[in-house]
Amino acid sequence: MFPSLALGFLAAGITAVAAASGSGCIGTISSLDDVSGAIQCTTVNINAFTVPGGKTFDLQLLDGTTVNVLGEIQFGNLSWAGPLFRVMGNDVTFNGNNQRWDGGGPFYWDGQGSSNGVTRPLPMMQISISGTLKDVYVVNSPAHVFAIINPGPLTISGVTIDDLQGNYPNSRSGRAAAAHNTDGFDVGGSDILIQNCTVLNQDDCLAIKRGTNITFADNYCEYGHGISIGSISSNTVVSDISIIGNHVVSSAYSFRIKTDTSATNSMVKNVTYSDNIATNCTYFGVLITQSYPSNMGTPGNGATISDINFNHGTTSLTSNSGTYRVAVNCGSGSCTGDWDWSGLQTSGGKAGSIINNNLITGFVDTQ
């Protein structure tokens, strides 16, 4: 056989094997030792197992892979940086089947959060896929739960985050809640829909850090810091955000936009809140501030906030006694555009301050 023909047959054989391993096999993961082989297939089934402490369960998937979670995933306890789980790929279908992912939070929780105290792995779940992710059930995250930086359009649905146990003090937290900084969804990507999810935690239910074309719809948030954009640092753009049909309960903040006092060359624009319900708010109902980390400190004006609307459906907000219904703290000249708040209805609590913003129309702050 001529050498060139032999090389041709060899190359064809390699291609055929790769195709067969990719589309014609089912990979099964029952330990980290199984991962490298399983991800050569475009169907990956995950059985129950425990990830050793200090290790990342890392899935770098072929395009078009379907993942089926078939058993509970637990993570061994060890103080380290994390993440606990990472998944990457394009056009992925990730079926969580409501199997539990247990982050072992009580081992880490000391009431001090991610910047102090015990070193804790974060995020718990790093999501870098396009496609769909559904029915993932997370309990007892050490700190931040989902960090989302997606390579293409992504729909997340039916997710449950249950850090309810962290609401109670433990031997290291004194009288404070044991868990802290347990953000539900930290978003840093674009073209994302998050819908029909439940978040019970001690920090932001949603925190959009950057990105465009993001919709957060028909979700339930309880006990944390509500639905947030930010905090926004320098050189960051957040735009075309829709917050629709969500229910925020017993949260310190219901709806919040926060830009850092020191932020420059950044903007938040085209944000619409429609048909949301917030009840039992415990600190601020709506807070838009350019003095983060202070709520109502001296605002910066290096970031622009524009076209923030409560319309196309009523958003109702009920505040506890002593809680501020609405407060806005803009830097000089840095809040711009149209602010149609005709769809915002408030009750309870007390009025907050509106600083450097005469753009709001259609809103009557009533007790």
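Numbering of residues starts from 1 in every chain and runs along the sequence as written. pLDDT decides what is reported in this predicted model: residues at 70 or higher carry local features, side-chain atom pairs at 80 or more are listed and counted, and totals for whole chains, interfaces and linings draw on all residues regardless. To get the side-chain values, take all heavy atoms of the structure and skip hydrogens and water.

## Digging into the nonpolar core
Residues belong to a common nonpolar core when they are buried Ala, Val, Leu, Ile, Met, Phe, Trp, Tyr or Cys residues joined through side-chain atoms within 4.5 Å. Buried, partly exposed and exposed residues are distinguished by accessible area as a fraction of the type maximum, computed with a 1.4 Å probe on protein chains only: under 20%, between the cut-offs, and over 50%, respectively. Of all hydrophobic cores here, the largest spans 75 residues; its most connected members are Phe 57, Trp 101, Phe 146 and Phe 185. Throughout, a contact is declared for two residues whenever any of their heavy atoms are within 4.5 Å. In this view, Phe 185 contacts Phe 146, Ile 148, Ile 156, Val 159, Ile 161, Ile 194, Cys 197, Val 199, Cys 205, Leu 206, Ala 207 and Phe 216; residues no more than four positions away in its chain are not counted. Ala 252, Phe 284, Leu 287 and Ala 327 belong to the second largest nonpolar core, which has five residues in total.

## Looking at the layout of surface pockets
Using only the protein atoms, space was sampled on a 1 Å grid; points where a 1.4 Å probe fits but cannot get out form cavities, open sets with protein on both sides within 12 Å along at least five of seven lines form pockets, and lining residues are those with an atom within 4 Å of a point. Grid points are joined across faces, edges and corners, and a volume is the space filled by probe spheres set on the points. As a volume, the largest pocket reaches approximately 270 Å³. Lining the largest pocket are 16 residues, and of these Asn 181, Asp 203, Asp 204, Lys 258 and Tyr 292 sit closest to its centre. Secondary structure elements follow DSSP: runs of H or I of four or more residues count as helices, runs of E of two or more count as strands, with numbering from the N terminus. Of all the secondary structure elements, the ones that give two or more residues to the lining of the largest pocket are β20 (227-232) and β23 (253-260). For the lining of the largest pocket, the element with the most residues is β23, which contributes three residues. Taken together, the residues of the lining of the largest pocket sort by class into three nonpolar, seven polar and six charged. Put simply, the second largest pocket is a space of about 160 Å³. Mapped onto the lining of the second largest pocket, the elements with two or more residues apiece are β9 (125-134), β11 (146-148) and β14 (185-187). Among the elements that take part in the lining of the second largest pocket, β9 stands out by supplying three residues, more than any other. Gly is placed with the polar residues, together with every amino acid not listed as nonpolar (Ala, Val, Leu, Ile, Met, Phe, Trp, Tyr, Cys and Pro) or charged (Asp, Glu, Lys and Arg).

## Description of the state of the cysteines
In protein structure, a disulfide is the covalent linkage between the sulfur atoms of two cysteines. The disulfide criterion is simple: two cysteine sulfur atoms within 2.5 Å. Scanning the model with the defined rule gives three disulfides in all. Disulfide pairing is shown between Cys 25 and Cys 41; the S-S distance is 1.9 Å. Taking the sign of the S-S torsion, about -115° here, the bridge from Cys 25 to Cys 41 comes out left-handed. On the criterion of sequence distance, the pair formed by Cys 25 in the loop between α1 (3-23) and β1 (26-29) and Cys 41 in the loop between α2 (35-38) and β2 (43-46) is long-range, its members being 16 residues apart. Each disulfide pairs two cysteine sulfurs, and for Cys 330 the partner residue is Cys 335, the sulfurs being separated by 2.0 Å. Taking the sign of the torsion about the S-S bond as the criterion, the disulfide between Cys 330 and Cys 335, at about -90°, is left-handed. When sorted by exposure, Cys 330 lands in the same class as Cys 335, which is buried. With no disulfide of its own, Cys 197 has Cys 205 as its nearest cysteine by sulfur position, at a separation of 8.5 Å. On the basis of relative accessible area, Cys 197 is assigned to the buried category, the value being 2%. There is no disulfide at Cys 281, and the cysteine sulfur nearest it, in Cys 221, is 13 Å away.

## Things to note about the packing of aromatic side chains
Any Phe, Tyr or Trp ring, taking Trp's six-membered ring, that has another such ring centre within 6.5 Å forms a pair; planes under 30 degrees apart are called stacked, those over 60 apart edge-to-face, and the others tilted. Using the criterion set out here, one finds 20 aromatic pairs in the structure. Measuring from ring centre to ring centre gives 6.0 Å for Tyr 253 and Phe 284, while their planes differ by 5°; the resulting arrangement is stacked. Within this pair, whereas Tyr 253 is found in strand β23, its partner Phe 284 is found in strand β26 (residues 284-292), the two being separated by 31 residues in sequence. This pair shows no difference in class: Tyr 253 is buried, exactly as Phe 284 is. Between the aromatic rings of Tyr 283 and Phe 284, the centroid separation amounts to 4.8 Å while the plane-to-plane angle is 55°, which identifies the pairing as tilted. When its relative accessible area of 3% is taken as the criterion, Phe 284 is described as buried.

## Some points on the confidence of the model for the protein
Predicted coordinates in areas of low pLDDT are best not read in detail. Mean pLDDT over the protein works out to 94, with 94% of the residues at or above the 70 mark. pLDDT measures the predictor's confidence residue by residue and takes values from 0 up to 100. In this model, residues 1-20 is a region of pLDDT below 50 whose contacts with residues beyond four sequence positions or in other chains number four contacts.

## Description of the pattern of salt bridges
Every case where a carboxyl oxygen of Asp or Glu lies within 4 Å of a side-chain nitrogen of Lys or Arg is listed as a salt bridge. Using the criterion set out here, one finds five salt bridges in the structure. Residue Asp 204 is joined to Arg 256 by a salt bridge in which the shortest nitrogen-to-oxygen separation is 3.1 Å. Note that Asp 204 is positioned in the loop between β16 (198-200) and β17 (206-208) and Arg 256 in strand β23, a separation of 52 residues in sequence. Each member of the pair, Asp 204 together with Arg 256, is buried. In this structure, the salt-bridge partner of Asp 365 is Arg 325, at a minimum N-O distance of 2.7 Å.

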